[in-house]
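# Coordinate inspection notes
So the chains spell out like this:
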Amino acid sequence: KKDDRHNFDSLYIHRFAVKKEYQKRSIGTKLVTFFLKANFCSKQSLDLVSIQTNMESRNQHVIDFYRDIGFQDRYLIQYPDKVDVLMTISRKKYLATLF
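This one's a predicted model, so the numbers in the text were calculated from it and none came from an experiment.

### Remarks on the sheet that holds strand E4 (residues 83–90)
- Read across the sheet, four strands follow the order E1-E2-E4-E3 without closing on themselves; strand pairing throughout is mixed. Where the open sheet ends on each side, the last strands, each with one partner, are strand E1 (11–13) and strand E3 (72–78). The sheet shows a mean angle of 25 degrees between the axes of neighbouring strands, direction not considered.
- Inspection of the sheet shows E1 paired to strand E2 (residues 48–54) by three bridges, in the parallel sense. In the sheet register, Tyr12 faces E2, and the bridge partner there is Ser50.
- On top of the sheet, helix H3 (residues 91–98) reaches E3 and E4; it is set at about 60 degrees to E4, its chief contact.

This is the structure we're talking about:
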């Protein structure tokens, strides 16, 4: 459903995961940063990439993972059985980390 708080002219990372036995090896960071660089550099009109993830305490490592890359919390999304956070990273913020 459309939400005026979010710019829908963006790329959305959906269902990204690294198997538990391969975590803590920088694989996820390398994949996401490759994705960001490839898309921000090749799509000049792209200004935003977003993700949405669950706010449960057992998911804190996922939230921290995206924050460490440079994603920022934008707002919470309330569902009957859970709360998610929508996070974004802008072209300007990401490209600034490259130089």
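After presenting the structure, the write-up continues.
### What to know about the pairing of E2
- Of all seven residues that make up E2, six are buried, and the element is covered over most of its length.
- Each parallel crossover has a hand, and for E1 linked through helix H1 (residues 27–42) to E2 it is right-handed.
- Of the pairings in the sheet, the one linking E2 to E4 comprises seven bridges and is antiparallel in character. Across the sheet, the residue bridging to Gln52 is Leu86, located in E4.

### Notes on the packing of aromatic side chains
- Counted under the stated rule, the structure contains four aromatic pairs.
- A centroid spacing of 5.2 Å and a plane angle of 80 degrees characterise the contact between Tyr66 and Phe71, whose relative ring orientation is edge-to-face.
- By relative accessible area, which is 3% here, Phe71 ends up buried.
- Taken together, the ring pairs in this structure connect Phe16, Phe65, Tyr66 and Phe71 into an aromatic cluster.
- Lying across the ring of Tyr79, Lys82 places its NZ or CZ 5.2 Å from the centre.

### What about unusual backbone geometry?
- Positive phi, normally seen in glycine, also occurs at Lys24, with a value near 70 degrees.
- Take Lys24: it is sitting in the loop between E1 and H1.
- Accessibility expressed as a relative area gives 83% for Lys24, which makes it exposed.
- At Ser26, a position not held by glycine, the phi torsion is positive, near 70 degrees.
- Relative to the elements of secondary structure, Ser26 occurs in the loop between E1 and H1.

Conventions adopted
- Residues numbered from 1 in each chain as written.
- Predicted model: local features only at pLDDT ≥ 70, side-chain atom pairs only at ≥ 80, totals over all residues.
- Heavy atoms only, no water.
- Pairing = 2+ DSSP bridges.
- Helix = DSSP H or I, 4+ residues; strand = E, 2+ residues; numbered from the N terminus.
- Axes fitted to C-alpha atoms, helices over the stretch in contact; angles between N-to-C directions.
- Contact = heavy atoms within 4.5 Å.
- Buried < 20%, exposed > 50% of the residue type's maximum accessible area, 1.4 Å probe, protein only.
- Right-handed = clockwise from strand over helix to strand, strands pointing away.
- Phe/Tyr/Trp six-rings, centres within 6.5 Å; stacked < 30°, edge-to-face > 60°.
- Lys NZ or Arg CZ within 6 Å of the ring centre and 35° of its normal.

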